[in-house]
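Fold and contact review
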Amino acid sequence: METITSSKGISRRELLKRCMVVGAGLAVGTGFVAGSTATWAMETKYVAPKEMAALIQMARDIYPHNHVADQYYAAAVKGFDSEESKARIADGVAALDAAAQGRGYADYLSVPWELERVEILRGMEQSSFFQTMRGNLVTGLYNNKEVWPLFGYEGESYSKGGYINRGFDDITWV
Amino acid sequence: MSAKFDLNDDGVVVVIGSGAGGGTLSNELAQKGINVVCLEAGGRHLPQDYQNDEWGSFGQISWLDARTTSGDWRVAKDFSGLPAWIVKAVGGSTVHWAGASLRFQEHEFKTQTVYGNVHGANLLDWPIGLSELEPYYAKAEAKMGVTRTNGIPGLPGNNNYKVFEAGAKKLGYKKVHTGNMAINSQPRDGRPGCQQVGFCFQGCKFGAKWSSAYTEIPKGEATGHLEVRPNAHVLKIEHDKSGKVTGVLYADSDGNKHLQKARIVAVAGNSIESPRLLLNSASSMFPDGLANSSGQVGRNYMRHMTASVYGVFDKPVRMWRGTTMAGIVQDESRHDPSRGFVGGFEFETLSLGLPFMAAFLNPGGWGREFTTALDSYENMAGMWLVGEDMPQETNRITLNHDVKDQYGLPAPNVHFDDHPNDIAMRNYAWKKGAEIYDAVGATRTFPTPPYPSTHNLGTNRMSAKARDGVVNKWGQTHDIPNLFVSDGSQFTTGASENPTLTIVSLAIRQADYIAREMAARTI
């Protein structure tokens, strides 16, 4: 996936100066969202950076994997940064923020516990916004070849001659 | 060389579909010197085109035309536009099948007699028995190179099988082995042995698995009596005033329509498209569709009682390595009503890659309950549960006039409600499957719901009496002597075994019959 722009072009210090931290591990600046330690950054063209940050958090809350870094969740929702999606995303994030405000928080990204964010999501589980997000994540997250090794999955094997000589029957514990 | 026949050649047999039924029938007829035009809706994809990539392959070869669903089955909720996961390509679903090649059991041809009256089930005995099919099973096994037949050794068991076998044996199961598979365990018939690639469902790139795409079809073409036309989507079967079929109307890849004349038409489009074509071919003479005087066209849709169990262990399994369906436990395939249901089921190993596991483990699931399962993907073993489901008249393919396909024809609606017997069998099978993994130390098991149907059966059922079904014991329609059905939609009942071997056997047998009747000029 080429959706993530490496921050190597500018220094981390420079990037961090241009953005503000909005939630656990996420920061936004003008026209981009980034990891709060500036190891990755992603430009947005249509969706406001803070809305994109909320989507990334929502993606992690739907399919939380402690060993999968934010940049992969960012890559999974990057496709929503489009002219046709931007109104739907703005409405959806507004609904997330309203639910968070009903619990006394400034916005969704400010809700500190996953459990509480998940309660917010359960409350909107039947909405088309949630279902569209979840449905897209199934491929957006798990069909990313860069994510596969994080789960041990090895992907294609034909070019390596299959597993006939590479451990198709290598377990010894049974 | 491949033959080329004129559209106006009314001496040819037109076979619609090129999978296990249509591909086999086309080749068998061509070998006898009978001229065949095989019309295939999909394109010609061969091993070099197949992709070791689940979603990539899905987009490449799946039948994705408009379809709708209804009924209480979970597929209608989770995959409302995808009732079946089958292939649109030369070779049909033999491109993505797993290769399990099992003979039906004697009693499975006589379910009405053996199971008795099962409320709500439209059980019927087949008009043929095992002994009548045995010679053809033997021919099919030889043709397909089925392991553990004809002196062909079994495949080696992979990691997924090792876990499965150890658990099954601890539970006391006896009929545990690496299956009767139409996958070469050693080079045979110009194709190599299995290289344990692990993408059987995406098309075997080594060609070790039997598929009509690269066995039956090229062999038939080599006779000079078979022309396969890919991207030829049949829209309608035409007939004359006497009620005999005369040809088929099809659209080519550019959407241009052609009428291919025929002496005989054989329909082999799988159990959703075959009845749909008969229904879409309604005329003033046959207002309810062709061959439908019984009203049974499209009814008794069966999809097998299916489900899966995945087990998580404290050590790696890496189930995706090697043959997808790497072994079987057959002890539960017997008929034993003391278990609380009629008919039986098989346990067969199965694996999904991470992308499909995310989509199918618990469709719609999310949150940590779901993701902690995938966190253990590397330590997961998997099995499929496949058993006999009850035919029900109300489970059926109908025309949905509100939804049209790309040619403007009504899309098929697939209605399915689980029968209480299906539910009882599934619950029992889930429990036993989990026990297999628990016996070897599973830390967590998942009773996984049915995937979109891969075994689609029964919608043009075979019957002794014309009023009970659509085709006779040769697959010839009761109503129209030169119209045949040559796929799994002929099945009177579904049995507990994977259907392909029986479809191939019936096609070989049907070819003998058609050749005999053509020679006698009765059709």
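Further up the page is the structure itself.
Residues numbered from 1 in each chain as written. Chains lettered and ligands numbered in written order. Predicted model: local features only at pLDDT ≥ 70, side-chain atom pairs only at ≥ 80, totals over all residues. Heavy atoms only, no water.

Turning next to helix α3 (residues 70-77) of chain A. All names here are of chain A. Of all eight residues in α3, seven are buried, a share of seventy percent or more. Residues of α3 that are buried include every one of D70, Y72, Y73, A74, A75, A76 and V77, and no others. Each element contacted by the buried residues of α3 is listed here: β2 (26-29), β4 (41-43), α2 (49-62) and α6 (128-142). (Buried < 20%, exposed > 50% of the residue type's maximum accessible area, 1.4 Å probe, protein only. Helix = DSSP H or I, 4+ residues; strand = E, 2+ residues; numbered from the N terminus. Contact = heavy atoms within 4.5 Å.)

Glancing now at the sheet that holds strand β5 (residues 226-229) of chain B. The strands that make up a sheet are held in pairs by hydrogen bonds between backbone atoms, and each pair lies either parallel or antiparallel. Residue and element names in this part refer to chain B. Here five strands make up an open sheet; going across it, the order is β5-β2-β1-β9-β17 and the pairing parallel. Either end of the sheet is taken by a strand with one partner, and the two such strands are β5 and β17 (483-485). Each strand axis lies, on average, 20 degrees off the axis of its neighbour in the sheet, ignoring direction. Bridging between strand β9 (residues 264-267) and β17 involves three bridges; their strand directions are parallel. Looking at β17, one finds that V267 is bridged to V485. (Pairing = 2+ DSSP bridges. Axes fitted to C-alpha atoms, helices over the stretch in contact; angles between N-to-C directions.)

Bringing the sheet that holds strand β11 (residues 328-329) of chain B into the picture now. Residue and element names in this part refer to chain B. Pairing is antiparallel across the open sheet formed by six strands, whose spatial order is β4-β11-β12-β13-β10-β16. Unpaired on one side and paired on the other, β4 (176-177) and β16 (444-448) mark the two borders of the sheet. As paired strands, strand β10 (residues 305-312) and strand β13 (residues 380-387) are joined by eight bridges and run antiparallel to one another. Across the sheet, residue A307 finds its bridge partner in β13, namely L385.

Further remarks concern the packing of aromatic side chains. All names here are of chain B. Applying the stated criterion across every chain, the model contains 36 aromatic pairs over all chains. Residues W97 and W210 carry aromatic rings whose centres are separated by 6.0 Å and whose planes lie at 85 degrees to one another, so their mutual orientation is edge-to-face. In this pair, W97 is assigned in the loop between α3 (74-78) and α4 (111-115) and W210 in the loop between β4 and α7 (216-222), connecting sequence segments 113 residues apart. W210 shares its class with W97; the two are buried. In textbook terms, an aromatic cluster arises when at least three aromatic residues are bridged by ring pairs, as seen for W55, F58, F79, W85, F201, F356, F360 and Y451. In this structure, K88 packs its charged tip against the face of W63, placed 4.7 Å from the ring centre. When the ring centre of F416 is taken as origin, the NZ or CZ atom of R303, which lies over that ring, is 6.0 Å away. (Phe/Tyr/Trp six-rings, centres within 6.5 Å; stacked < 30°, edge-to-face > 60°. Lys NZ or Arg CZ within 6 Å of the ring centre and 35° of its normal.)

Here we come to the interface of chain B and chain A. At the junction of the two partners, chain B supplies 43 residues and chain A supplies 40 residues. Here chain B meets chain A over a buried area of about 3,700 Å², counting both sides, of which 62% is carbon and sulfur. For the chain B face of the interface with chain A, the top three residues by lost area are B:R321, B:W366 and B:R368, together amounting to 22%. Where chain B packs against chain A, one counts five salt bridges. Put simply, B:R318 and A:D170 hold a salt bridge, and the shortest N to O gap is 3.8 Å. Scanning the region where chain B abuts chain A turns up 26 residue pairs in polar contact (both at pLDDT 80 or more). Of the residues forming the side of chain B that touches chain A, the biggest block, five residues, is contributed by helix α10 (residues 368-375) of chain B. Class assignment for the residues of the side of chain B that touches chain A results in 21 nonpolar, twelve polar and ten charged. (Buried area = accessible area lost by both parts, 1.4 Å probe. Salt bridge = Lys/Arg side-chain N within 4 Å of Asp/Glu carboxyl O. Polar contact = N/O pair within 3.5 Å; in protein donor to acceptor, adjacent residues only side chain to side chain. Nonpolar A, V, L, I, M, F, W, Y, C, P; charged D, E, K, R; others polar.)

Turning to the pattern of salt bridges, a few remarks are in order. Applying the stated criterion to the full structure yields 40 salt bridges over all chains. In this structure, the salt-bridge partner of A:E154 is B:R321, at a minimum N-O distance of 2.8 Å. Residue A:E154 is found in the segment after α6, and its partner B:R321 is found in the loop between β10 and β11; the two belong to separate chains. For B:R321, a relative accessible area of 8% gives the class buried. Where B:E221 meets B:R44, a salt bridge forms, and the shortest distance between an N and an O atom there is 2.7 Å. Within this pair, whereas B:E221 is found in helix α7, its partner B:R44 is found in the loop between β2 (36-39) and α2 (54-61), the two being separated by 177 residues in sequence. The exposure class assigned to B:E221 is buried, which follows from its relative accessible area of 11%. What you see here is one network of salt bridges that share partners, running through A:E154, A:D170, B:R318, B:R321 and B:E378.

Turning to helix α5 (residues 114-123) of chain A, a few remarks are in order. Buried within α5(A) are the following residues: A:E116, A:R117, A:V118, A:I120 and A:L121. Buried residues in α5(A) make contact with α2, α4 (86-101) and α6 of chain A.

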